[in-house]
Amino acid sequence: MYVRDAKNREEVWLLDHIEAMGLDETAFRSRDYVVAVDEASGEKAGFGRIRIHKTDGAASANADSDRAGGRADDVCELTSIGVLEGWREQGVGAHVVERLVEYAGDEGFDTVYALTGEGAYLAQFGFERVEESELPAVLRDRLEDKRDGVDPDAVPLTIDVDRFRMPDRLREAFKRAPEGREDVSNDESAEDFGIDTESATYKYDTGR
């Protein structure tokens with residue numbers, strides 16, 4: 001099992017699973033995601049996103065910066081973590097979170113925020129609750145939107161990148177290949193590219 005950057009052609013796969021899991025797809029961009037992949041079968045097991053919010057006065061409150069070249073006062077949010085059924089309880093989500101926090105550090109962020117009702121899950125990595133009043137303005141607005149939408153129980157959490165920790169039990173779980181799984185083909189289909197084979201049209205309007 002390993003975690004890599006999502007590919008542009010995986011946008012349909014991501015959108016399908018984000019919708020099925022009831023996760024946040026606001027301002028969706030496939031390049032913001034990472035994907036956990038089983039080395040032996042090529043099966044995709046989970047995913048997650050780092051969303052970088054611009055906070056300069058020239059940008060709108062919900063505008064996103066590119067992954068590289070962000071401003072010093074930009075804000076980094078971890079969001080939309082999902083693990084496919086059959087891969088849960090095996091450390092997949094933990095390693096998606098780890099990869100995203102590592103990426104945030106690589107991009108020069110000292111702090112990562114999360115707005116989620118799954119605070120107990122993130123606490124095991126070192127995330128801590130923060131007062132809403134201490135959030136950057138862009139995330140206060142985000143929190144309100146999430147509570148009104150996909151995550152009514154969302155609370156704000158934060159972690160310093162250098163304080164992230166991976167519990168040993170999750171690291172070991174991620175290393176072990178799941179038992180009793182059938183091999184899954186890694187061949188790409190029309191669906192992987194967003195093509196509805198019956199109408200030969202794109203399933204999603206991605207703004208292109």
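Conventions and cut-offs
- Residues numbered from 1 in each chain as written.
- Predicted model: local features only at pLDDT ≥ 70, side-chain atom pairs only at ≥ 80, totals over all residues.
- Heavy atoms only, no water.
- Helix = DSSP H or I, 4+ residues; strand = E, 2+ residues; numbered from the N terminus.
- Expected span 1.5 Å × (residues − 1).
- Buried < 20%, exposed > 50% of the residue type's maximum accessible area, 1.4 Å probe, protein only.
- Arc of directions from axis to C-beta.
- Contact = heavy atoms within 4.5 Å.
- Pairing = 2+ DSSP bridges.
- Salt bridge = Lys/Arg side-chain N within 4 Å of Asp/Glu carboxyl O.

A. Representation of helix α4 (residues 137-148). Between its first and last C-alpha atoms α4 spans 17 Å; for twelve residues at 1.5 Å apiece the expected length is 16 Å, and the two agree. Those residues of α4 lying buried are Val138, Leu139, Arg142, Leu143 and Lys146. Buried residues of α4, seen end-on, are gathered within an arc of 135° and therefore sit on one face of the element. The secondary structure elements touched by the buried residues of α4 are β3 (44-53), β4 (75-83), β5 (111-116) and β7 (155-160).

B. A look at the pairing of β3. Counting buried residues in β3 gives ten out of ten residues, a clear majority hidden from the surface. Of the strand pairs in this sheet, strand β2 (residues 33-37) and β3 are connected by five bridges, and their pairing is antiparallel. Note on β3: the bridge partner recorded for Tyr33 is Arg49. Between the antiparallel neighbours β2 and β3 lie six residues, among them Gly42 with a positive phi of about 80°. As paired strands, β3 and β4 are joined by seven bridges and run antiparallel to one another. Bridge assignment links His53 to a residue of β4, and that residue is Val75.

C. Main features of unusual backbone geometry. Unlike most non-glycine residues, Ala27 shows phi in positive territory, near 50°. With respect to the helices and strands, the residue Ala27 is situated in the loop between α1 (11-21) and β2. For Ala27, a relative accessible area of 33% gives the class partly exposed.

D. Geometry of the pattern of salt bridges. Under the criterion given, the structure shown has seven salt bridges. For the salt bridge of Arg142 with Asp24, the shortest nitrogen-to-oxygen distance reads 2.6 Å. Within this pair, whereas Arg142 is found in helix α4, its partner Asp24 is found in the loop between α1 and β2, the two being separated by 118 residues in sequence. With relative accessibility at 8%, the residue Asp24 sits in the buried group. In this structure, Arg142 and Glu77 form a salt bridge, with 2.9 Å as the shortest nitrogen-oxygen distance. Taken as a pair, Arg142 in helix α4 and Glu77 in strand β4 lie far apart in primary sequence, 65 residues in all. Using a relative accessible area of 3% as the deciding quantity, one classes Arg142 as buried. Through salt bridges that share partners, Arg4, Glu10 and Lys44 make up one connected network.

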